[in-house]
Amino acid sequence: MAAPPRGDARNRRPLPVPKMAAAAPPVRAGPGAGVVAAMAARGAEAEALFEAHTAAELRAVERRLRAGIEQKREELRQMVGERYRDLIEAADTIAEMRRSAERLLGAVRGLQRGGTARPGPAGTVRPPAHQSFYGAAAQLKLLLEVPEQVWGAVEGGRYLPAARLHLLGAHLRRQLQLDTPRARSSAVLARFPILLRQVAAASHLRSTVLQESKALLRCPTGSEQAVAEALCAIMLLEDSSPRQALADFLLARKMAIQQLLNQPHHGAGIKAQVCSLMELLSTTLFQAHALFYTVPEGVPPEPALPCGLLFSTLESSTGQNPAGRGGVLQEDLKLSSWFKYLPESVVEFQPALRTLAHPISQEYLRETLQQWINMCSEDIRTGVRTLLVYVKSMKGLAGIRDAVWELLSSESSSHSWEAVCRRLLGRPVSFWEELLQELFLDRLQTLTKEGFDSISSSSKQLLAAALQELEVKGGSGALSKQIQLEHNVSLFLWSESPGDLPGDAAWVSVGQRGPFARSGLAMKAQALTPCVQSFCSTLDSKLKARLEDVLSYLPGDDSVPKEPPHSAFDRFADAGTVQELLRDSCVACIQHLLGCVQEQLQSAQGQLDPPGDARLNAVLFMARLCQALPELCPHLQRCVLGRPGGAEPKEPRSAKKLGKGKAQEVPPELAKWQGVKAELLQQSLVAYQLWSSAVTKALVQCFTHTLLLDTAGSVLATATNWDEIEIQEETESGSSVTSKIRLPVQPSWHVQCLLFSLCQEVNRVGGHTLPKVTLQELLRSCMAEVLAAYGKLVEQKQEKRPDSFPLTQSRALQLLYDLRYLSIILTAKSEDTKPSRIKQDSGIDKVIDFLEGHIDPFDLDVFTPHLNSNLNRLVQRTSVLFGLLTGTENQYTSRGGALSSQELHNILPLASSQIRFGLLPLSMSSSRKSKSTARSTERVQGQAAAAVLPRDDEARPGSLFRQLLTDDEDAAAPSLFKLGWLSGMTK
């Protein structure tokens, strides 16, 4: 140890540190760039000073600088000197304290050595009076020491020694007769008045030990030995039985449960509270087994399952066990000089119970524990239900469930759990299944209902806002671009935008992209407008958030969770219930949305007045929305199917392919998803039907008005150019005569306007994406309205009013040509229906018979083949112009070669059905081209020659239209469009 500084060290003057520092030569820095720059800057400042000041001024500046330098040096000296003086004073104080402590320790060691080495007087025998006096004095001393010993034991958490010391104090008071009624007048209290205070504080000590012992029983972290000692202390102080100790133990644990439930809960604290409850319940059963259960006679004990700890502790504390004999006094008291004067009854004192502590029977223990579990279950259910109200997500519920599972499945909790439950209750116990599972399912149901109710209400508001924007008239001038695209979908289809093609379109095919990677071009190909995309995107994002929240409660499909060998319960036993709940809630949400759409359609029905009606745009928006929801909301499908992967199962094969009696069973979730899609499609068809009926009514009304105009000017205004044809006829003498006939080759202008306006309306709404049922219904209703118009014309001509314009043969031919052309264009034919199977409407026959009745029969026989030829050419020529109306039928040839299914396309997947515009074929050699052209020319000439020959049934009224149908069925009469690549335009 270093020698301490001398006493005069504090009077020493501080070392001249600043002077030494100033005297030291300055350390020059290396020739770095920064040093050079600093020296250059100082040199520039010095030059500036010399340039701006005179010599006298420069000397004054120098004096000021030197004075400032000296002042700073002085301040530095004072600061270092003061700190140095404080350091010296602290060192002197520490050295003095060390010397004092060493002297004190030396004196204590000397006293100890002297006390043990000094022998007592040998053979000194005190008289009995002195012995009793010393015994009484020693007991008084011990009585004064007992409270301090009791408080020390209570503060150290040793409640059983504290109770035993308190009972020892009571025994001392009885020995000294301080508890008797006449104790206040005794000579002992008169000489030692402090004992009065000790007697008064004895009851307070007893209540304190009891209170602290019962508080330990409420602590879930107390060890089994500590709980056993606390129960023994209560039994000794209250002189109670083991059954009463069991009641106190369970009552304390019930109070602990209530205390846990009444704690303030904030967010993550709920998980800790529920886990603490489960830990408290399991710990209570474990400790009840360790404390109160006794092994029946004849059954060997299991070392892994300790039991009867309360009775063994009670035996050792009452001296019944030899290991517990020796009194209650601690060793430090036995070292006191007055200990040897204590009487034997005090030294060997052992507390005892008035009644014998009999073990608790298994039947009583089982009944008591079961009653306690039933009594606590109601409190736990009520409290946990209140706590779960503050859990706002299923992810939080899953976190609590997993925490409980990890707690109950841990080795410390699951060790011998089943054996303990069977010993105590005679049955296995699962606190999750009996207490928490139902509460979690109720809360999960509430969260699911609230989540989908929120989605339903927000979707209803979003739908109302979108419809309100769409019902603004197009001529207001304040429409946004998205609303303009909704009013006319063709503008959206033929506009370009930066997002039409994905960035990886050049090297990633459509089949390799994910289900969510949809390009803008794909949206345009399906006529999914920005408003529909925005609505579906908003709905899908909300469904995605809800689905992810629910999936956090369910097991993942990627990896099956590995349960530990001693799993407390199956976490995912209710996964099927949760999926069914998710499915039902999602279907109810979609049905609520469909109900809103249905209400809007019912309110709009009967009030539509196209063209240009703003409400019609809202109806079309709802039709497109219902059609696009299954496509643009993939998470809707996931919610209904309940599959995290989102892969839709394969559709089951139909009964026709599998044969009778082999129909594949459809899974219930797939059947429900198909039902949802069917409801959406049905609602879409209803909306499209409103649109088609409104459009048909408006267009045919204008057509009917023009058709029924009965003036010469109106007839001339709707007339078109006729074709002049030279024919050769054979006279009675056998010579041939050449004559010219004029026949119509174009329909009337109002017919063309009707069809073109109809195509415009279909194109405006994205005709290539219209359902076939809607397009066929549109054609069917339009044809019915056209027939009604022709029926009115027939009725008008049959009245033969004098002011009406007569129906001439030329006009009858034009009307007949128009009607047959309209019948061909507007007759809805499905792809799998042959023309021969289409039944002709009887109304058409009546009108045709009426019109043919105004044509000379001989002329009709001559005109019929040429009218058929003109009509065929007209249909083929206008099949592209009116392709939106004729695209649903396959009355012309199909493509020469089928598309290769192995061909990959990076932009859009090819349509599975036939499209109107075929792909351009490869060029072929000139010889092959010439041969095919020659063959096709021969076929055309043969067809023309066959058309000139009259038929037997052409003389009858209506034969022209029937002949046209027969010509369509004849496979030997090819179209001109079969010759060359232009035939692809008709598909």
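Coordinates for the structure precede this section.
Everything numeric in this text was worked out from a predicted model, so none of it was measured.

Asks: Mind showing me how you'd approach the overall build of the chain here?
Replies: Regarding its fold elements, the chain presents 36 helices and two strands. The buried share among the 987 residues of the chain stands at 40%. Partitioning the intrachain contacts of the chain with sequence separation of at least 6 by distance along the chain shows that 78% fall at a separation of at least 24.

Asks: What is the right way to look at the packing of helix α24 (residues 614-632) against helix α27 (residues 668-707) in this model?
Replies: Axes are the key here: two packed helices are described by the angle between their axes and the distance separating the axes. Between α24 and α27, whose axes approach to 8 Å, the crossing angle comes to 155°. By the angle between their directions, the pair α24 and α27 is classed as roughly antiparallel. The chirality of how α24 crosses α27 is left-handed. The segment α24 lies against α27, with L616, V619, L620, A623, R624, C626, Q627, L629 and P630 engaging W673, K677, L680, Q683, S684, A687, Y688, L690, W691, A694 and V695. In terms of residue class, the contact of α24 with α27 is made up of 15 nonpolar, three polar and two charged.

Asks: What am I meant to see in the pairing of strand β1 (residues 722-730) here?
Replies: Strand residues, when the strand is regular, have side chains that alternate between the two faces of the sheet. Here β1 pairs with strand β2 (residues 736-744) via nine bridges, running antiparallel. Bridging across to β2, E730 finds its partner in S736.

Asks: Just checking my understanding: could you explain the packing of helix α23 (residues 575-604) against helix α25 (residues 634-641) for this structure?
Replies: Between α23 and α25, whose axes approach to 7 Å, the crossing angle comes to 135°. Relative to α25, α23 is oriented oblique. Seen from α23, the contacting residues are L582, R583, C586, V587 and I590; seen from α25, they are L636, C639, V640 and L641. Its residues assigned to classes, the contact of α23 with α25 shows eight nonpolar, no polar and one charged.

Asks: Is there a simple way to explain the environment of K395 in this structure?
Replies: Mapped onto the elements of the fold, K395 is located in helix α15 (residues 394-409). According to the relative accessible area criterion, K395 is exposed, its value standing at 60%. Taking the C-alpha atoms as reference points, K395 and E548, 153 residues apart in sequence, are found 8.7 Å from one another. The contacts of K395, once residues within four sequence positions are left out, are D549 and S552.

Asks: Is there a simple way to think about the pattern of salt bridges in this case?
Replies: Proximity of charged atoms lets side chains of opposite charge pair with each other. Within the structure shown, the criterion is met by 21 salt bridges. Between K214 and E238 there is a salt bridge, with the nearest N and O atoms lying 3.5 Å from each other. On the criterion of sequence distance, the pair formed by K214 in helix α7 (residues 194-217) and E238 in helix α8 (residues 224-238) is long-range, its members being 24 residues apart. Beyond isolated ion pairs, a larger network of salt bridges with shared partners links E580, R583, D584 and K672.

Asks: Help me understand the packing of aromatic side chains, please; the structure alone is not making it clear to me.
Replies: Each aromatic ring pair is characterised by the separation of its centres together with the angle its planes make. Tallied over the entire structure, the rule returns seven aromatic pairs. On the numbers, 6.3 Å between centres and 50° between planes, the contact of F703 with Y790 is tilted. Highlighted residues: F703 in helix α27 and Y790 in helix α30 (residues 772-799), separated in sequence by 87 residues. Neither residue differs from the other here; F703 and Y790 are each classed as buried. Positioned over the ring face of Y553 is R401, at 4.3 Å from the centre of the ring. Positioned above the aromatic ring of W405 is the side chain of R571, whose terminal nitrogen or guanidinium carbon lies 3.9 Å from the ring centre.

Asks: Hey, could you run me through the environment of P343 in this one?
Replies: Within the fold, P343 resides in the loop between α12 (331-334) and α13 (344-347). Counting along the chain gives 204 residues from P343 to Q139, while the straight-line C-alpha distance between them is 8.3 Å.

The rules behind these values
- What you see as residue numbers is a count from 1 along each chain, following the sequence as written.
- Local features in a predicted model are, by the rule used here, given only for residues with pLDDT of at least 70; side-chain atom pairs are given and counted only at 80 or more, and totals for whole chains, interfaces and linings are based on all residues.
- Where side-chain values are given, they derive from all heavy atoms of the structure, hydrogens and water being excluded.
- For the purposes of this entry, the term helix denotes a DSSP run of H or I that reaches at least four residues, the term strand denotes a run of E that reaches at least two, and both are numbered from the N terminus.
- Each residue's exposure class comes from its accessible area (1.4 Å probe, protein chains only) as a fraction of the maximum for that residue type: buried when under 20%, exposed when over 50%, partly exposed otherwise.
- Residues are treated as being in contact if the distance between any of their heavy atoms lies within 4.5 Å.
- An axis is simply a line fitted to the C-alpha atoms; with a helix, the fit covers only the stretch in contact. Between two such axes, the angle follows the N-to-C directions and lies from 0 to 180 degrees.
- With respect to orientation, any angle under 35 degrees is reported as roughly parallel, any angle over 145 as roughly antiparallel, any angle of 65 to 115 as roughly perpendicular, and every other angle as oblique.
- A crossing counts as left-handed when the near helix is turned anticlockwise from the far one by less than a right angle, and as right-handed when that turn is clockwise.
- The classification used treats Ala, Val, Leu, Ile, Met, Phe, Trp, Tyr, Cys and Pro as nonpolar, Asp, Glu, Lys and Arg as charged, and all other residues, Gly among them, as polar.
- When DSSP finds at least two bridges between two strands, those strands are taken to pair.
- Salt bridges are counted wherever a side-chain nitrogen of Lys or Arg sits within 4 Å of a carboxyl oxygen of Asp or Glu.
- The criterion for an aromatic pair is that two Phe, Tyr or Trp rings (for Trp, the six-membered ring) have centres within 6.5 Å, with stacked assigned to planes under 30 degrees apart, edge-to-face to planes over 60 apart and tilted to the rest.
- Think of it as a cone above the ring: NZ of Lys or CZ of Arg counts as a charge over the ring if it is within 6 Å of the ring centre and within 35 degrees of the ring normal.

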